Amino acid sequence: MMKEDLRMEERFDGKLIRIDYLEFDHIFVVSDVHNDYINLTKAVKKLQMDKGHNLLIIAGDLIDRGYQPHPEELLDYVFDGVEKGNIIYLKGNHESMLCEHIRSEYHPSVEPEFREQYHYNTLQILEQRGYTDEMIRELGEKLEKLPLMVEIETGDTLYRIGHAELPDKELTLKHIVEKDVVWGDYFWQAYYSRFFKNKDGKKLILITGHLPTAKLREEFERIYNDRRDYQIWFSDEKNGLLVQKIDIDCGNGYREFIPSVHLGVLELGTMETFYF
């Protein structure tokens, strides 16, 4: 829960939330939950994220896909946490795709029998659970308004958190382009992060999801085996001015097909990792 004298709205400009690390006891980051209500709530309970002045940042792709998907319970749970101030929910490419589909196919002028079906399972499950067209349009409006990025400053370190690709330069709003942040040129940024320098002397750490970490290991470390390593991926660190890249998408959206995937959680500050 956020301290009573602090309000999220004071730091929210439509794209970016800036917060001070010292405002919270613990800050956790997770991404690519993909309809997994069971493991997200298990992680919250195990790490006591909902106790004291703790914050959970969800870096996009909360919805779609998923083993034993529960989008209704998950969305209610997360938006309740957003309202209480202990969750920040960022937009990912799946939120962006769902918003676009709702705008196009659930407009009042479109008759239900002429709608194109959404590519993923979220809308179908919500409709089975009793969501009306109006409720779906309201959900689309909520998702449309989600912020894209979080910046957290602590001492000589600046954390920048979003779904796919993040600016590595001194940030102004013109650098925050939704298509780049939610889709991004991920391989390029992951590879070249080892060469980026942060001009103001702070260490800049870019934390994203979007691409399952096993794919990064195959590309950059040439590690491949039948089990595949879906743990959180850290780029090389060579000096204090380096812009470090961290990928926290541990493949949870493919749990039904790949037994070695996880829901990965990163705690800022300690940089401790947890898997569920």
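Residues numbered from 1 in each chain as written. Predicted model: local features only at pLDDT ≥ 70, side-chain atom pairs only at ≥ 80, totals over all residues. Heavy atoms only, no water.

To continue, consider the packing of helix H1 (residues 37-47) against helix H2 (residues 71-84). It is the contact of H1 with H2, at a shortest axis distance of 9 Å, that shows an interaxial angle of 35°. Contacts between H1 and H2 involve Tyr37, Leu40, Thr41 and Val44 from the former and Glu73, Leu74, Tyr77 and Val78 from the latter. Class assignment for the residues of the contact of H1 with H2 results in six nonpolar, one polar and one charged. (Axes fitted to C-alpha atoms, helices over the stretch in contact; angles between N-to-C directions. Helix = DSSP H or I, 4+ residues; strand = E, 2+ residues; numbered from the N terminus. Contact = heavy atoms within 4.5 Å. Nonpolar A, V, L, I, M, F, W, Y, C, P; charged D, E, K, R; others polar.)

Across the sheet, six strands lie side by side as S1-S5-S6-S7-S9-S8; this open sheet has mixed pairing. Looking at the sheet topology across the chains shown, the edges are occupied by strand S1 (16-20) and strand S8 (233-234). Sheet topology note: the S8/strand S9 (residues 243-247) ladder contains two bridges and is antiparallel. Bridging from a neighbouring strand, phenylalanine 234 pairs with isoleucine 246 of S9. (Pairing = 2+ DSSP bridges.)

Our next topic: the packing of aromatic side chains. In the structure shown here, the tally under the stated rule is three aromatic pairs. Here the guanidinium or amino end of arginine 115 rests over the ring plane of tyrosine 106, the centre of that ring lying 4.0 Å away. The ring of phenylalanine 79 has lysine 142 lying over it, and the distance from NZ or CZ to the ring centre is 4.6 Å. (Phe/Tyr/Trp six-rings, centres within 6.5 Å; stacked < 30°, edge-to-face > 60°. Lys NZ or Arg CZ within 6 Å of the ring centre and 35° of its normal.)

Restricting attention to buried positions, one finds in H1 the residues Asn39, Leu40, Thr41, Ala43, Val44 and Leu47. Those residues of H1 hidden inside the fold are in contact with strand S2 (26-30), strand S3 (54-58), H2, strand S10 (264-267) and strand S11 (273-275). A positive backbone phi angle near 55° is found at glutamine 48, which sits one or two residues after H1. (Buried < 20%, exposed > 50% of the residue type's maximum accessible area, 1.4 Å probe, protein only.)

Next up on the list: the pattern of salt bridges. Close approach of charged atoms allows side chains with opposite charge to pair. For the coordinates displayed, the defined rule picks out 11 salt bridges. Salt-bridge contacts for glutamate 178 lead to lysine 91; the nearest nitrogen and oxygen are separated by 3.3 Å. Taken together, the positions of glutamate 178 in helix H6 (residues 178-182) and lysine 91 in the loop between strand S4 (87-89) and helix H3 (93-105) put the pair 87 residues apart, joining distant regions of the chain. Exposure remark for glutamate 178: the relative accessible area of 29% places this residue in the partly exposed category. On the basis of relative accessibility, which here comes to 1%, the residue lysine 91 falls in the buried class. The closest approach of N and O atoms between arginine 137 and glutamate 134, which form a salt bridge, is 3.3 Å. (Salt bridge = Lys/Arg side-chain N within 4 Å of Asp/Glu carboxyl O.)

Take unusual backbone geometry next. The phi torsion at glutamine 48 lies on the positive side, around 55°, for a residue other than glycine. Among the secondary structure elements, glutamine 48 is positioned in the loop between H1 and S3. Relative accessible area serves as the criterion here: at 48%, glutamine 48 is assigned to the partly exposed category.

If a strand is regular, its side chains alternate between the two faces of the sheet. Across the five residues that make up S2, a large majority, four, are buried. As defined by bridge partners, S2 adjoins S3 across five bridges and the pair is classed as parallel. Counted as the bridge partner of phenylalanine 28 is leucine 56 from S3. The parallel pair S2 and S3, bridged by H1, forms a crossover whose chirality is right-handed. Of the strand pairs in this sheet, S2 and S10 are connected by three bridges, and their pairing is antiparallel. When the sheet's bridge partners are listed, valine 30 is paired in S10 with valine 265. (Right-handed = clockwise from strand over helix to strand, strands pointing away.)

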